[in-house]
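A structural walkthrough
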Amino acid sequence: EDKVVQSPLSLVVHEGDTVTLNCSYEVTNFRSLLWYKQEKKAPTFLFMLTSSGIEKKSGRLSSILDKKELFSILNITATQTGDSAIYLCAVRGNEKLTFGTGTRLTIIP
Amino acid sequence: DAGITQSPRHKVTETGTPVTLRCHQTENHRYMYWYRQDPGHGLRLIHYSYGVKDTDKGEVSDGYSVSRSKTEDFLLTLESATSSQTSVYFCAMTGTGEAGELFFGEGSRLTVL
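Treat the numbers as computed from the prediction; the structure is a model and nothing was measured.

Counting from both sides, the interface comprises 24 residues of chain B and, opposite them, 21 residues of chain A. Across the interface of chain B and chain A, roughly 1700 Å² is buried in total on both sides, 56% from carbon and sulfur atoms. Across the contact surface, chain B and chain A share 1 salt bridge. Across the salt bridge formed by A:Lys41 and B:Glu106, the nearest N and O atoms sit 4.0 Å from each other. The interface formed by chain B and chain A contains 3 residue pairs in polar contact (both at pLDDT 80 or more). At the level of secondary structure, the elements contributing two or more residues to the side of chain B that touches chain A comprise β4 (32–38), β5 (42–51), β9 (87–94) and β10 (102–104) of chain B.

Below is the structure:
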């Protein structure tokens, strides 16, 4: 059975700090790893990493995929209060995505 | 903005009653999914569909059934609701990106008393 583990479960930092969120996985027939941000409602898509795209960056957010060691990290630099959310990692095997339980990030002003 | 909506958004019902949640998409996407989200468990797949009348079970399918008679609609039915099915339910569809990132509906909060 596919498995995705995220750490830490929660994280509280001050505005301006840099954070690193972790995602490790075990999946049959890996196709992609996705990061989502969830505030109060539906998860919104951040990044997708595949065998052909193991590093992504968008503004203050960046992510890398290590297919050999089966993990990914999501970095957020110069954090802002608007970054407070649950960050979800998901891995696609065949037709389905398996989600981790998420990391709850809280940014203190 | 991704063209996927859920109804109802909130529902309170009693144990033993049937409940149907509706997911409607306007993107003509083939794949649709129902997830439930609970504290400590993250998003767990209930059922999914890979085309009209083609559905399959996810990891937490007991007590749920689905139907997809049209591409745009994916219905989730709780045949006899129980308190353990109190949750937030998300519908999702596969977008057009490489390897198919999901787009989610706004969620339906169901409370079973």
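Next comes the rest of the account.
Right, let's get into the confidence of the model for chain B. In this model, chain B carries an average pLDDT of 91, and 93% of its residues clear a pLDDT of 70 or more. Ranking the elements of chain B by mean pLDDT puts β10(B) last with 89 and strand β8 (residues 73–78) of chain B first with 98.

Turning to the state of the cysteines, a few remarks are in order. All names here are of chain A. For the structure on display, the rule yields 2 disulfides over all chains. Note that Cys-23 is cross-linked by a disulfide to Cys-89, the S-S spacing being 1.9 Å. Between Cys-23 and Cys-89, the S-S dihedral sits near -65 degrees, and the bridge is therefore left-handed. A residue pair is termed long-range when its members are at least 10 positions apart, and Cys-23 in strand β3 (residues 19–26) and Cys-89 in strand β9 (residues 85–92) qualify at 66 residues.

Calculation notes
The written sequence of each chain sets the order in which its residues are numbered from 1. Both sets of labels track the order of writing: A upward for chains, 1 upward for ligands. The predicted origin of the model limits local features to residues at a pLDDT of at least 70 and limits the giving and counting of side-chain atom pairs to 80 or more, whereas totals for whole chains, interfaces and linings rest on all residues. The side-chain figures draw on all heavy atoms in the structure; neither hydrogens nor water molecules are used. Any pair of residues with heavy atoms lying within 4.5 Å of one another is described as a contacting pair. Note: buried area is the sum, over both parts, of the accessible area (probe 1.4 Å) each one loses when the two are combined. Salt bridges are defined by distance alone: a side-chain nitrogen of Lys or Arg within 4 Å of a carboxyl oxygen of Asp or Glu. As used in this structure description, the phrase polar contact means that two N or O atoms lie within 3.5 Å; if the pair is within protein, one of them must be able to donate a hydrogen and the other to accept it, and residues adjacent in sequence are counted only when both atoms belong to side chains. To qualify as a helix, a DSSP run of H or I must reach at least 4 residues; to qualify as a strand, a run of E must reach at least 2; elements of each kind are numbered from the N terminus. The pLDDT score gives, residue by residue, the confidence of the prediction method on a 0 to 100 scale. The term disulfide is used for any two cysteine sulfur atoms that are within 2.5 Å.

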